[in-house]
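Close look at the chain arrangement
Given next are the chains, with one letter for each unit.
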Amino acid sequence: MNNTEILREISCAHETAWVNRDKVSFEKESKCLALNGEDIAEASARLQRFAPLIERLFPETADRHGVIESPLREISGTKEKLSEMGELPRGRLFLKCDSHLAIAGSVKARGGIYEVLKHTEDLAMAAGLISETDNYAVLADHRDFFSRYKIQVGSTGNLGMSIGIMSAALGYQAIVHMSADAKEWKKQLLREKGVIVKEYRDDYSRAVKEGRRLSDADEMSYFVDDEHSKDLFLGYSVAGERLKQQLDQQGITVDEKHLLFVYLPCGVGGAPGGITFGLKQIWGDHVHCFFVEPVQAPCMCISMASQKGDQVCVQDYGLTGKTDADGLAVGRASAFVYKMMKHVVSGIFTVQDDRLYQNMKLLKEADDIIIEPSSCAAFEGYTSMMKYKDTADYCRSVMESAEDAVHILWATGGSLMPQQIVEEYLAKG
Ligand SMILES: *Cc1c(COP(=O)(O)O)cnc(C)c1O
C-alpha cells in the first residue's frame with residue numbers, strides 16, 4: 001500500500017501496517033541526525049555516576065548496584081501458543097521486561113529518571129554540592145536544597161510516575177499534569193508519595209501545554225518536555241548497550257546473518273524512538289525496529305505516512321485519540337522524534353484495544369508474566385508481520401540472506417499495577 005492508501009485505512013480505524021519506504025542505511029542517516037553515539041556514552045556515564053545515589057534512595061536496586069535495568073526473558077511458551085494462531089516470522093522470541101524496571105515499573109524509568117538526574121547534576125554542580133568525581137550518594141543529604149525547586153511534567157500516567165517518584169525521593173516539589181486518560185490508581189499512587197497531581201479533562205497535548213506554561217512562569221521550576229526533550233530520548237537510548245550485554249551473556253550474536261527484530265509500543269515517540277536510536281548505534285542495519293500504536297491514536301504513523309511530522313494530529317483523520325492503552329493515548333507525535341526516526345524506523349503497526357487484553361492473558365498463561373495493556377501492543381508487530389503483504393515482503397527480503405533471527409517484544413510497563421486492576425484486565429482478555 002502507498003501512503004495515501006495507508007492513511008485511508010488509518011482514518012477508518014482499521015488495523016494496518018505501514019512500511020517505511022524512506023528508510024536508508026543507518027550509517028548514512030546517522031551523519032544527518034541531531035544526536036550521536038557520544039551523546040549516548042555521556043548519558044550512560046551520567047547514569048553510572050548516579051548509581052550510588054539510586055542505590056541509597058531505592059534499596060531494591062542493590063542487586064544491580066543502583067543501575068536500573070530489566071531482565072531479557074525468552075518466552076517460548078508464548079511463542080508456541082501464538083504459532084497456533086497464525087504464521088510467525090522465523091526465529092526465537094524474547095520479552096524485554098521494562099515492565100519490571102525498578103522504581104517506576106515502566107520504560108519511563110529510563111528516560112524520565114535520567115532527565116531528573118541530569119537536572120539534579122546541573123543544579124548540584126552549580127551550587128558546588130558535588131563535582132563529577134564525587135560519590136553522588138551525598139546528594140541524598142541535600143533534601144532542603146532541592147525542596148526549593150519544582151519539577152513539573154505532563155503525562156498520561158507512567159511518565160508522571162517516573163518523574164514524580166524520583167523527584168519526590170530527592171526532595172523536589174513535584175507536580176504532574178495528568179491527561180484525561182490517566183488511570184486513577186496511578187494518580188493515587190503519586191499522591192501517596194507526596195506528588196501534586198493536577199487533572200485535566202483534555203488529552204495529552206493539553207496537559208503538556210498547561211504544565212509547560214505554569215512551569216515557564218516560575219523561575220524555580222523545571223519542565224520535563226516529552227514533546228521536545230533530547231535528554232529523555234538519550235535516557236531511553238542507553239537501553240542499546242544494556243541489551244547488547246544481555247544478548248552477549250545469552251550467547252546471542254547479531255550480525256548480517258543473525259538479525260534482530262524489535263517491536264515497541266509507541267505514544268509520543270520518545271521511548272520507542274530513543275531505544276531504536278540506541279539499538280541502531282550498535283547494530284545498524286542488522287536491527288529492524290517496528291513501532292505499534294492503537295487504532296484510535298496512531299500519531300506517529302500519520303506523521304510518517306503524511307510526512308507532516310507534528311503538523312498533523314489523529315483528530316485530523318477523524319479519530320478520537322481514545323484508547324485503553326493509556327501509555328499510548330497521544331494524538332500528536334513529537335516533532336523531534338519524527339525527525340530522528342523518519343529514515344530509521346522499519347515500519348509501524350496499529351492494533352485494536354481488545355487484542356491487548358487477549359495478549360496480556362496469553363502471556364500470563366503461557367509464561368506467567370504480567371504486563372499492562374499498553375505494553376501488549378508490542379505483540380501486534382510480531383504476530384501480524386506475516387499477515388500484511390508489505391511487512392511480509394519486508395521480512396522475507398531481509399531474511400533472504402540471513403540464517404536466523406531473534407525477535408524482541410519490548411514490554412513497556414506493568415509491575416506497579418494493583419492486583420485488582422490486573423484481574424479486571426485479565427477478565428477482559
Ligand atoms: C509511555 C509509554 C509508552 C510509549 O512511550 P512514548 O515515549 O510516549 O512513545 C509505551 N508503553 C508504556 C507502558 C508507556 O507508559
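Look above for the structure.
Residues numbered from 1 in each chain as written. Predicted model: local features only at pLDDT ≥ 70, side-chain atom pairs only at ≥ 80, totals over all residues. Heavy atoms only, no water.

Below, the discussion takes up the overall build of the chain. For the chain, the count of helices and strands is 18 helices and 11 strands. Against the 2.2 N^0.38 benchmark of 22 Å for 429 residues, the chain shows a C-alpha radius of gyration of 20 Å, consistent with a compact globule. Summarising its shape, the C-alpha atoms of the chain cover approximately 60 × 45 × 45 Å along the three principal directions. Burial statistics for the chain: of 429 residues in total, 62% are counted as buried. Sequence separation of at least 24 residues holds for 76% of the intrachain contacts in the chain that already meet a minimum separation of 6. Total accessible area on the chain stands at roughly 16400 Å², and carbon and sulfur atoms take up 46% of it. For the chain, the distance from the average position of its 49 positive side-chain charges to the average position of its 63 negative side-chain charges is 2 Å. (Helix = DSSP H or I, 4+ residues; strand = E, 2+ residues; numbered from the N terminus. Rg over C-alpha atoms; globule rule 2.2 N^0.38 Å. Buried < 20%, exposed > 50% of the residue type's maximum accessible area, 1.4 Å probe, protein only. Contact = heavy atoms within 4.5 Å. Areas by Shrake-Rupley, 256 points an atom, 1.4 Å probe, with all protein chains shown as cover. Lys, Arg positive; Asp, Glu negative; His and termini not counted. Charge placed at Lys NZ, Arg CZ, Asp CG, Glu CD.)

With their axes 9 Å apart at the nearest point, helix 1 (residues 3-11) and helix 13 (residues 299-306) run at an angle of 155° to one another. Accordingly, the angle class assigned to the pair helix 1 and helix 13 is roughly antiparallel. The way helix 1 lies across helix 13 gives a crossing that is left-handed. Contacts from N3, I6, L7 and I10 of helix 1 reach helix 13 at C301, I302, A305 and S306. (Axes fitted to C-alpha atoms, helices over the stretch in contact; angles between N-to-C directions. Parallel < 35°, antiparallel > 145°, perpendicular 65-115°, else oblique. Left-handed = near helix turned anticlockwise from the far one by under 90°.)

With that settled, the discussion passes to unusual backbone geometry. The backbone of A13 shows a phi angle near 60°, a positive value even though the residue is not glycine. Along the chain, A13 turns up in the loop between helix 1 and strand 1 (17-19). One non-glycine residue, Q307, adopts positive backbone phi at about 60°. Locating Q307 in the fold gives a position in the loop between helix 13 and helix 14 (335-341).

In the vicinity of the ligand, 16 residues are found, and the nearest of them are K108, N158, G267, G269 and T412. With respect to the ligand, the backbone of G267 contributes an N or O atom lying 2.7 Å from an oxygen atom. Interatomic distance of 2.6 Å between a side-chain N/O atom of T412 and a nitrogen atom of the ligand. A total of three residues in the shell around the ligand trace back to one element, the largest contributor, which is helix 12 (residues 270-283). Residue classes in the shell around the ligand are distributed as six nonpolar, eight polar and two charged. (Near = heavy atom within 4 Å. Polar contact = N/O pair within 3.5 Å; in protein donor to acceptor, adjacent residues only side chain to side chain. Nonpolar A, V, L, I, M, F, W, Y, C, P; charged D, E, K, R; others polar.)

Taken N-terminus to C-terminus, the directions of helix 15 (residues 353-367) and helix 18 (residues 419-428) make an angle of 110°; their axes are 7 Å apart at the nearest point. With respect to their mutual orientation, helix 15 and helix 18 come out roughly perpendicular. Packed against helix 15, whose contacting residues are Y357, M360, K361 and K364, the element helix 18 presents V422, Y425, L426 and K428 at the interface.

On inspection of all chains with the given rule, the structure shows 13 aromatic pairs. On the basis of an interplanar angle of 75° and a centroid distance of 5.1 Å, the ring pair of F145 and F146 is categorised as edge-to-face. Neither F145 nor F146 differs from the other in exposure class; each is buried. Pairing Y357 with Y425 gives two aromatic rings, centres 5.6 Å apart and planes at 45°, and the pair type is tilted. Of the two residues, Y357 is situated in helix 15 and Y425 in helix 18; the sequence distance between them amounts to 68 residues. Per residue, the accessibility class of Y357 equals that of Y425, and both read buried. By way of ring pairs, the aromatic residues Y263, F290, F349, Y382, Y388 and Y394 are connected into one cluster. (Phe/Tyr/Trp six-rings, centres within 6.5 Å; stacked < 30°, edge-to-face > 60°.)

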